[in-house]
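# What the coordinates show
Okay, here's what each chain looks like letter by letter:
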Amino acid sequence: MMIVMKETATEEEVAAVVAKIERAGARAHRSSGARVTVIGAIGDVEQDANIESLGLEGQPGVDRVVPILKPYKLASAQITHGERTVLDIDGRKVGGDNFALIAGPCTVESRDQMLTTARVVRDAGATLLRGGAYKPRTSPYAFQGLGQEGLRLLAEAKAETGLPIVTELMDISDLDAVLEVADVIQIGARNMQNYPLLAEIGRSGRPALLKRGLSATLDELLMAAEYILKEGNPNVMLCERGIRTFETAYRFTLDLMAIPVLKQMSHLPVIVDPSHAAGRRDLVLPLSLAAAAAGADGIIVEVHPRPDEAICDAAQQLPADDFGDYLERVLAAAAVAGKSLSGEPLTTGATS
Ligand code: PEP
Ligand code: MN
């Protein structure tokens, strides 16, 4: 249920509604827009029935009570009344008019590879730094990532460049170690429906980049986001990374339509991963341009100093030398959609 307050509603009236919802055993999710405050009463079926019987319509300050139509209540666009969520990652904004460029290698391979890439993407203006320490590999015989040592190198790259870190978590038992380093926890396509993992990341409160499963519908993606949001963590970005279709000429099919449609369905930022969709570096720029022009809130792209020597995803990583040009062209496309690069927060320079 969604309780829409009157424009004239006072703080006390809002608090009284919240208290009633909580007494009925549901969770009150408050969202205050420019004009009105909306309170989502989030609970299971039984709690929904309790809320209905509360008679909130007649309560002072309440304009109307409307059902939340979608099963993904907290992720739905309805709950914020059309306002878009903007995440703040260490001062860098993701969502709204901001365009986030998340760049870095597929996998952390060595100190030199990680630090070189971090410097190049930082100098070009990237918003966040990516790099996998725990890698979901199709083959159990393939390199599985450097694990803790990879996290340590990511921490070093952050300390040197100041770029916040995006890195994947696959196993709950690594959560504490990943929390030490990650500013954003990536949930890979293969774990989109690992519900205990999602709930644990929700409880951690750490911003999450949730990738769409290889064969997941948008409804399923938003239900997965709901598992994180439900635990009280509002910091979720969605990521379209290509889906399985009948086409075999390229690795996955980048679902560009998911960008505007997810934005109609949800208030959460939408990021696009052209690298894993394409599996080929020659397709990364055109897909990035299309995604940016279609209104994506950002791109997550793989960059490597010497892609041909990369241990993982060698065919798709952009050479670090090309990253500056790539970024400029993608930003021109983002500008078409009314977005500009989200970078380092402005410092006032005021020190005392
Ligand atoms: C990745 O970004 O490193 C990755 C493995 O992507 P995906 O989960 O989308 O395959
Ligand atoms: Mn990769």
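To keep things clear, this report deals only with the structure shown in the data block. (Residues numbered from 1 in each chain as written. Chains lettered and ligands numbered in written order. Predicted model: local features only at pLDDT ≥ 70, side-chain atom pairs only at ≥ 80, totals over all residues. Heavy atoms only, no water.)

Attention now goes to the coordination of the manganese ion (ligand 2). Coordination of the manganese ion (ligand 2) by the protein is provided by Cys106 (SG), His276 (NE2), Glu302 (OE) and Asp313 (OD), with metal-donor distances spanning 2.0 to 2.4 Å. Spacing between the donor residues of the manganese ion (ligand 2) along their common chain follows C-x169-H-x25-E-x10-D. Of this pair, His276 sits in helix H9 (residues 274-278) while Asp313 is found in the loop between strand E14 (298-304) and strand E15 (318-319), placing the two residues 37 residues apart along the sequence. Judged by relative accessible area, Asp313 falls into the buried class, the value being 17%. (Donors = N, O, S within 2.8 Å, 3.2 Å for Na, K, Ca; no water. Helix = DSSP H or I, 4+ residues; strand = E, 2+ residues; numbered from the N terminus. Buried < 20%, exposed > 50% of the residue type's maximum accessible area, 1.4 Å probe, protein only.)

Further remarks concern unusual backbone geometry. At His81, a position not held by glycine, the phi torsion is positive, near 60°. With respect to the helices, strands and loops of the structure, His81 is situated in the loop between strand E4 (62-66) and strand E5 (87-89). For His81, a relative accessible area of 39% translates into the label partly exposed. In this model, Asp90 sits at a positive phi of 55°, which is unusual for a non-glycine residue. Position of Asp90 relative to the elements: it lies in the loop between E5 and strand E6 (92-94).

Let's shift gears to the pattern of salt bridges. Summed over the entire model, instances satisfying the criterion amount to 24 salt bridges. The shortest N-O distance in the salt bridge between Arg152 and Glu149 comes to 3.1 Å. In this pair, Arg152 and Glu149 are both assigned in helix H4 (residues 148-161), 3 residues apart and thus about one turn of the helix distant. A salt bridge links Arg152 to Glu156; its shortest N-O distance comes to 3.6 Å. Residue Arg152 and its partner Glu156 are both found in helix H4; the two are separated by 4 residues, about one turn of the helix. If you follow the salt bridges from partner to partner, you end up with Arg111, Glu149, Arg152 and Glu156 in one network. (Salt bridge = Lys/Arg side-chain N within 4 Å of Asp/Glu carboxyl O.)

A few words now on the nonpolar core. Grouped together as the largest cluster of nonpolar side chains are 78 residues, with contacts concentrated most on Leu210, Val301, Phe323 and Tyr326. Residues in contact with Phe323, not counting those within four places in the same chain, are Leu101, Ala103, Val120, Val121, Ala124, Ala126, Val301 and Val303. Judged by nonpolar contacts, the second largest core, of 15 residues, contains Ile3, Ile21, Ala26 and Ala41. (Core = buried A, V, L, I, M, F, W, Y, C linked by side-chain atoms within 4.5 Å. Contact = heavy atoms within 4.5 Å.)

Residues in close proximity to ligand 1 include Arg130, Lys135, Pro136, Gln186, Gly188, Ala189, Arg190, Lys211, Arg241 and His276, which together make up its full environment. In this structure, Arg241 approaches ligand 1 through a side-chain N or O atom, which is 2.6 Å from an oxygen atom. Relative to its unbound accessible surface of 290 Å², ligand 1 loses 96% to contact with the protein. Tallied by class, residues from the shell around ligand 1 come to 2 nonpolar, 3 polar and 5 charged. (Near = heavy atom within 4 Å. Polar contact = N/O pair within 3.5 Å; in protein donor to acceptor, adjacent residues only side chain to side chain. Areas by Shrake-Rupley, 256 points an atom, 1.4 Å probe, with all protein chains shown as cover. Nonpolar A, V, L, I, M, F, W, Y, C, P; charged D, E, K, R; others polar.)

Let us now look at the packing of helix H3 (residues 111-124) against H4. Running from amino to carboxyl end, H3 crosses H4 at an angle of 35°, the nearest separation of the two axes being 9 Å. Crossing handedness for the pair H3 and H4: right-handed. Here H3 contributes Arg111, Met114, Leu115, Ala118, Arg119 and Arg122 to the contact with H4, which in turn contributes Leu153, Leu154, Glu156, Ala157, Glu160 and Thr161. Here the residues of the contact of H3 with H4 sort into 6 nonpolar, 1 polar and 5 charged. (Axes fitted to C-alpha atoms, helices over the stretch in contact; angles between N-to-C directions. Left-handed = near helix turned anticlockwise from the far one by under 90°.)

Once that is clear, we can look at the sheet that holds E4. Within the open sheet, the 4 strands sit side by side as E2-E3-E1-E4. Their pairing is antiparallel. One side of each edge strand has no neighbouring strand; the edge strands of this open sheet are strand E2 (27-32) and E4. Between one strand axis and the next, the sheet turns through 20° on average, direction left out of account. Note that E2 and strand E3 (residues 37-42) share 6 bridges and pair antiparallel. What sits directly across from Ser32, in E3, is Thr37. (Pairing = 2+ DSSP bridges.)

Before going further, it helps to examine the environment of Tyr134. The topology assignment puts Tyr134 in the loop between strand E8 (128-130) and H4. A relative accessible area of 11% means that Tyr134 is categorised as buried. Between the C-alpha atoms of Tyr134 and Asp171, which are 37 residues apart in sequence, the distance is 8.8 Å.

Taking 1.5 Å per residue as the helical rise, H3 with its 14 residues ought to reach 20 Å, and the 20 Å between its terminal C-alpha atoms agrees with that figure. Within the sequence span of H3, burial applies to Gln113, Met114, Leu115, Thr117, Ala118 and Val121. Packed against the buried residues of H3 are strand E7 (98-104), E8, H4, E14 and helix H11 (323-336). Just downstream of H3, Gly125 is the residue with a positive phi angle, here 115°. (Expected span 1.5 Å × (residues − 1).)

Such coordinate-based values are descriptive only and should not be taken to indicate function.
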